[in-house]
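What follows is the residue order along each chain.
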Amino acid sequence: LQQAQQTFQSAQANLDRAQQVALADKSIAAQSALQQAQQSFASAQAELDRQQQTALQTSSQTFTASQNAAQIAAQKDLQSSQQTFQTAQAALDRAQQTALADKSVEAQKALQTAQQNFSAAQADLDRKQQTALQTSAQEFQKGEGLINRQFQAEQSSLDRAQQDKI
């Protein structure tokens, strides 16, 4: 990309010189040199456009791939926590049923342990859900920022090229 930008700038400078010579010197050679410089400039501009488009697409694809990988990892972690939560919930339900039917100390202890395990699983699930939401928001903002910066750079480059052409 940097090489394409340098080639573009060089072609632009050559075009400017050829235009100045063509204005001062109306000869066929000057007109031919101007035409050659215009063709070189158009070629360099097209190459720069291709390079910028390729860089933008590559960055977008890289961002999408990393975002997908992060989402898959977060989803797996969240599913694991949900399964742990459901297991703790089922154990709590069983302990409650046992405690209702059997008023023994052991049943009450089992109920208390199940309640503690359920609370721990619920807290873990809550943390994982919050983490997943925060991670998704951060990844989105990171990608949005990257795309915006690239767009601004491309836009600035095109604006400079257009200004220089005028």
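Everything below is about the structure printed above this text.
Given the structure is predicted, the values throughout are model-derived calculations rather than measurements.

Asks: What am I meant to see in the overall build of the chain here?
Replies: Each helix and strand in the chain was counted, giving three helices and zero strands. Counted from the first residue to the last, the chain has its helices and strands arranged as α-α-α. Its C-alpha atoms give the chain a radius of gyration of 33 Å, more than 25% over the compact-globule value 15 Å for 166 residues. Taking the principal axes of the C-alpha coordinates as reference, the chain spans close to 110 × 20 × 15 Å. A burial count over the chain gives 23% of its 166 residues as buried. The long-range share in the chain, meaning contacts at least 24 apart out of those at least 6 apart in sequence, stands at 70%. A total of about 11,500 Å² of accessible surface is found on the chain, and carbon and sulfur atoms cover 50% of it. Separation between the mean location of the 13 positive side-chain charges and that of the 15 negative ones in the chain comes to 3 Å.

Asks: Where do I start with the environment of Gln3 in this structure?
Replies: In this fold, Gln3 is placed in helix 1 (residues 2-24). A sequence separation of 48 residues divides Gln3 from Gln51, and the C-alpha atoms of the two residues are 9.5 Å apart.

Asks: Where do I start with the environment of Leu56 in this structure?
Replies: Structurally, the position occupied by Leu56 is in helix 2 (residues 28-101). Exposure remark for Leu56: the relative accessible area of 25% places this residue in the partly exposed category. For Leu56 and Leu146, which are 90 residues apart along the polypeptide, the C-alpha to C-alpha distance reads 9.8 Å.

Conventions used here
- Residues numbered from 1 in each chain as written.
- Predicted model: local features only at pLDDT ≥ 70, side-chain atom pairs only at ≥ 80, totals over all residues.
- Heavy atoms only, no water.
- Helix = DSSP H or I, 4+ residues; strand = E, 2+ residues; numbered from the N terminus.
- Rg over C-alpha atoms; globule rule 2.2 N^0.38 Å.
- Buried < 20%, exposed > 50% of the residue type's maximum accessible area, 1.4 Å probe, protein only.
- Contact = heavy atoms within 4.5 Å.
- Areas by Shrake-Rupley, 256 points an atom, 1.4 Å probe, with all protein chains shown as cover.
- Lys, Arg positive; Asp, Glu negative; His and termini not counted.
- Charge placed at Lys NZ, Arg CZ, Asp CG, Glu CD.

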